[in-house]
Structures are given as structure tokens and as C-alpha cells.
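# Survey of secondary and tertiary structure
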Amino acid sequence: MKRRVLFVCTANSARSLMAEALLRDIAGDRFEVASAGTEPTRPHPMALQVLEEAGISTEGLHSKQLADVQGQYWDYVITLCEKAANECGTVCQPAQQIAWDFADPVPANRHATFALTLKEIRERIALFALVHQKETGPKPASYDPVTVFKSLADEFRLAALLMIRSQGQLCVCELTEAFEAPQPKVSRHLATLRDAGLLATERRGQWIYYYLSPGIPQWLARVLDEIASHNGRLIENPLARLQAMAGRPSVQCL
């Protein structure tokens, strides 16, 4: 599955749009890319011009509100200005936060300034793609018992895993509804379970679905079976809320 990268700046009119277009052009086969703004306006014509002059596609580039994408799962959130870095860190967890700081070319409103900004962002994007090249493939889980049981030691994570096991697959919005928990908390715990090799993910449309990893060894499968058979109370109420949820994505996709 492609790693998901979100670029954020204040207006989402120049720097973050350039970064989105550049990473998609350089490594679109390995990364799924988007951009957003904390106070979005509209794409600056000169930003689009220098991209097109560099042979970079601007198709589909448009300014977006951060609130519209913060509920999605992101592997990396890269801010391109200090203001965005200060405002974004608490709303896009559990993504890895990376802070870049490029001067805003909009106040100068000169072609040469936009071209220089594009060049500087391109160099940083190329380095990012190179450094993270080996991270875009799935990492085999070791299923070390200590790691596994540490990940299951949290009651919320254990209940979420049992819920996913009982339903076959669930997305973040369904778990948010079932546990009446905020999305960042749900995403953070799911990321821990995924990193431990207990969960796998698949993206379909706008949703990322979580399901038990097919690589789970037999000893661990037996442990989960025993836990589920003797601890149904952990998911009794969340399961009832889930079943009452209207417009469930997992039900609609079946």
C-alpha cells in the first residue's frame, strides 16, 4: 500500500500545492499525496505557471481546508511554514510530523521568486523520496511476544482488535462511532496495532479498512480466539453502537 503524505501550509495556494504536484510527479507510484491549508484561499496563478513551465502536471490542484482531510489516515504530515506547523501538530496524529520552512513567494509576486521556491522544494522532495524509498514497502512483523502483549495491554486497543476480528474489517469512522472516541485516539491506537503486525490495511475510495493481519502465526491466533471467547463484555456496548450506526462504510462496500 502506498504511503500517504499530506503537505500543509497556511493558504494552500503556492508552497504546499507545489510540493503536492512535485512528489506526485517524482514518486507518485510510491506515495499518495494531498495538500491542505489552515486558512485556504485559492491556487496562485504564478505557482501553477512555474509548475507547468517545469513540465509538472497541475491537473486537479486546488486549495483545500485542513479540516476536510484531518480525519483521514496519513503516514506523513509535512508542514511548509511555521504557522502551519504550530496549528497542525495536534490534529493529524498519529502521522509522522515533518516541519519544513520555505519563504512564502506570494508577497513578492514575482516569477523569479516562485521559480526559486519551486527549485528549493523540488530538491527537498527528491531527498524525501530517496530517504523514504525503503519505507514504502510492508515491513515483515517479527511477532515477538513482548511486543505483541505490550500492544494488547491497553484495554482500548484490545477491544478495538476484538471488534475488528468480530466484523472482519472496520474503518476508523466505525470505530469512532462504536467506542464514542475521538478520531485521533482511534487512529493512534490502530497504528500501534498495525506496527505490531496485528492489523493490516487496505484503502478503497476515501476509506482505509483495518483487518486482522493474514500473517498472524497460529499461536497468536489461538490466543486471540481464547481472549474473544472469554471477554465478550469488552465489546458488548461498542458492538451495539456499531450495529445501530447509519450508513456504515463496511456494510455499504459488501
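Anything mentioned here points back to the structure above.
Summarised in this report is the structure supplied together with it. Numbering of residues begins from 1 in every chain and follows the order in which that chain's sequence is written. Totals for whole chains, interfaces and linings use all residues, but because this is a predicted model, local features are given only for residues with pLDDT of at least 70 and pairs of side-chain atoms are given and counted only at 80 or more. Just so you know, side-chain values use all the structure's heavy atoms and leave hydrogens and water out.

### Some thoughts on the pairing of strand E1 (residues 3-9)
Residue burial is assigned from relative accessible area. The probe radius is 1.4 Å, only protein chains are included, and a residue is buried under 20% of its type maximum, exposed over 50%, and partly exposed in between. A run of H or I in DSSP counts as a helix once it spans at least four residues, and a run of E counts as a strand once it spans at least two, with each numbered from the N terminus. With 7 of 7 residues buried, E1 is to be regarded as a mostly interior element. Across the two faces of E1 the burial is the same, with Arg 3, Val 5, Phe 7 and Cys 9 and Arg 4, Leu 6 and Val 8 all buried. Here a strand pair is declared whenever DSSP counts at least two bridges between the two strands. Relative to strand E2 (residues 31-37), E1 runs parallel, the two being bridged by 7 bridges. The residue bridging Leu 6 from the neighbouring strand is Ala 34, located in E2. You can see the chain leave E1, run along helix H1 (residues 15-27) and come back into E2, and the turn it takes is right-handed. Both E1 and strand E3 (residues 76-79) contribute to a ladder of 4 bridges, which runs parallel. The partner of Val 8 across the bridge, within E3, is Thr 79. Every crossover in which the path from the first strand over the helix to the second runs clockwise, viewed with the strands pointing away from the viewer, is termed right-handed.

### Looking at the packing of aromatic side chains
Each Phe, Tyr or Trp ring, with Trp reduced to its six-membered ring, pairs with another whose centre is within 6.5 Å; inter-plane angles below 30 degrees give stacked pairs, above 60 give edge-to-face pairs, and intermediate values give tilted ones. This structure, assessed with the given rule, holds 7 aromatic pairs. Ring geometry for Trp 100 and Phe 102: centres 6.3 Å apart, planes at 90°, overall edge-to-face. Grouped by ring-pair contacts, the aromatic residues Phe 7, Phe 31, Tyr 76, Trp 100, Phe 102 and Phe 128 constitute a single cluster. One Lys or Arg, Arg 4, reaches over the ring of Trp 74 and ends 4.1 Å from the middle of that ring. In this analysis the charged atom, NZ for Lys or CZ for Arg, is taken to sit over a ring once it is within 6 Å of the ring centre and within 35 degrees of the ring normal.

### Some words on a nonpolar patch on the surface
On the surface, a nonpolar cluster with roughly 300 Å² of combined accessible area is contributed by Leu 127, Leu 130 and Val 131. Its location among the elements puts Leu 127 in helix H4 (residues 111-131). Taking relative accessible area as the criterion, Leu 127 reaches 48% and is therefore assigned partly exposed. In this scheme, patches are assembled from residues that exceed 30% relative accessible area and form no salt bridge. Like charges are connected within 9 Å, while nonpolar side chains (Val, Leu, Ile, Met, Phe, Trp, Tyr) are connected within 5 Å. A 1.4 Å probe and the Shrake-Rupley method give the accessible areas. Residues count as covered only by the protein chains that appear here. Salt bridge criterion: a side-chain nitrogen from Lys or Arg within 4 Å of a carboxyl oxygen from Asp or Glu.

### Focus: helix H7 (residues 172-179)
Because each turn of an α-helix spans 3.6 residues, side chains separated by three or four positions end up pointing in the same direction. Here H7 has its buried residues at Val 172, Glu 174, Leu 175, Ala 178 and Phe 179. The arc that holds every buried residue of H7, seen down its axis, measures 160°, which confines them to one face. One or two steps after H7, the chain reaches Glu 180, where phi turns positive at roughly 50°. An arc is given here, and it is the one of the directions from the helix axis to the C-beta atoms.

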